[in-house]
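Residues per chain are reported as follows:
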Amino acid sequence: MMNKRQATNYLEFPTSPDAFEDLQTMHHFSHSHHPIALVSLQDPFTCSGCKERGAGKRFACHKCDFQLHDFCALSPPLLEAHPLHVHHQLLFYSKPKTGGIRWSTCNVCGKPNKGFMFKCNFCHFQMHPCCAMLSDQINYPSLHTHPLNLLPPYHDQLFVCRECTRKRSGRLYGCRVCGYHLHAVCAKDLINGLKVNNTEKPSVLGPAVWYASQAVIEFIGGLIDGIGEGVGEALVQNVTRSAGRRNGTRRI
């Protein structure tokens, strides 16, 4: 069983989630009754930890629909001298403090904190685990050819983000070469897999259902040689289409 302190051997913030490719299965404190395994599915999902969306790589339970972003599953217990908050230590919290009628908001992306988060107990700065994967300078050649630097706070209403083409609350990155600007909340979609997998809406096809459907398809695939290739392939396609209709989605 892996605790959060041991998890820092696989992931350091901020960095790429690819740092823990070798980790396949773990027991997580937020889902102690079942192990979770590292999988990669194109279907979008809502993380059971931070309550934010994601797609692609995740830790998922084979027996239920529990899913965690990879960076949420391996969040360390604390962050020291994080580039987005260098002066104070940030502690990991699994649940936001309740009170009032509004959720507290992330100081990086400006969205509500509804689950896992890092928080400073000295000045109340807080951010999502996904935001903790960002730094004061980011470089995404697939999106923009030049490095992007984090602008000082309160610049969010001065510039239009080139990705979403609008102004909004939250921190903003800017290019010192050509004036390109990018919201931190838009940069998050490059980390959580939504941009890479080109997804828009969460899927109702949970990991447990997906694993079950794959087991059925593999079983039927083993019969193809015995009953003829053409008939067997048609049968597999039939099962896949039926599973998609029952779960409100369609496999590609």
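Cut-off values and rules
Residues numbered from 1 in each chain as written. Predicted model: local features only at pLDDT ≥ 70, side-chain atom pairs only at ≥ 80, totals over all residues. Heavy atoms only, no water. pLDDT = per-residue confidence, 0-100. Helix = DSSP H or I, 4+ residues; strand = E, 2+ residues; numbered from the N terminus. Contact = heavy atoms within 4.5 Å. Salt bridge = Lys/Arg side-chain N within 4 Å of Asp/Glu carboxyl O. Buried < 20%, exposed > 50% of the residue type's maximum accessible area, 1.4 Å probe, protein only. Phe/Tyr/Trp six-rings, centres within 6.5 Å; stacked < 30°, edge-to-face > 60°.

1. Re the confidence of the model for the protein
Reading fine detail from the predicted coordinates is not recommended where pLDDT is low. Counting all residues, the mean pLDDT for the protein is 77, and 67% of those residues have values of 70 or more. Per-element confidence in the protein ranges from a low mean pLDDT of 36 for helix α1 (residues 4-7) to a high of 97 for helix α3 (residues 129-132). Below pLDDT 50 for its whole length, residues 1-11 participates in 27 contacts with residues either more than four positions away or in separate chains. Counting interchain partners and residues more than four positions distant, the pLDDT-below-50 stretch residues 223-227 has 5 contacts.

2. Concerning the pattern of salt bridges
For the coordinates displayed, the defined rule picks out 3 salt bridges. For Lys111, the salt bridge identified is with Glu52, shortest N-O distance 3.3 Å. One end of the pair, Lys111, is in the loop between β6 (90-93) and β7 (117-119); the other, Glu52, is in the loop between β2 (36-46) and β3 (53-61), and 59 residues separate them in sequence. Residue Glu52 is classed as buried on the basis of its relative accessible area, which comes to 7%. A salt bridge links Lys188 to Glu52; the shortest N-O distance between them is 2.7 Å.

3. Details of the packing of aromatic side chains
Inspection of the entire model under this criterion finds 4 aromatic pairs. Consider the rings of Phe29 and Phe116, whose centres lie 6.0 Å apart with planes at 20°: the pair is stacked. Of this pair, Phe29 sits in the loop between β1 (25-26) and β2 while Phe116 sits in the loop between β6 and β7, placing them 87 residues apart in sequence. Taken together, the ring pairs connect Phe29, Phe92, Phe116 and Phe118 into an aromatic cluster.

4. Re unusual backbone geometry
If you check the backbone angles, His124 has positive phi at about 70° while not being a glycine. Tracing the sequence through the fold places His124 in the loop between β7 and β8 (126-127). Residue classification places His124 among the exposed positions, given a relative accessible area of 51%.

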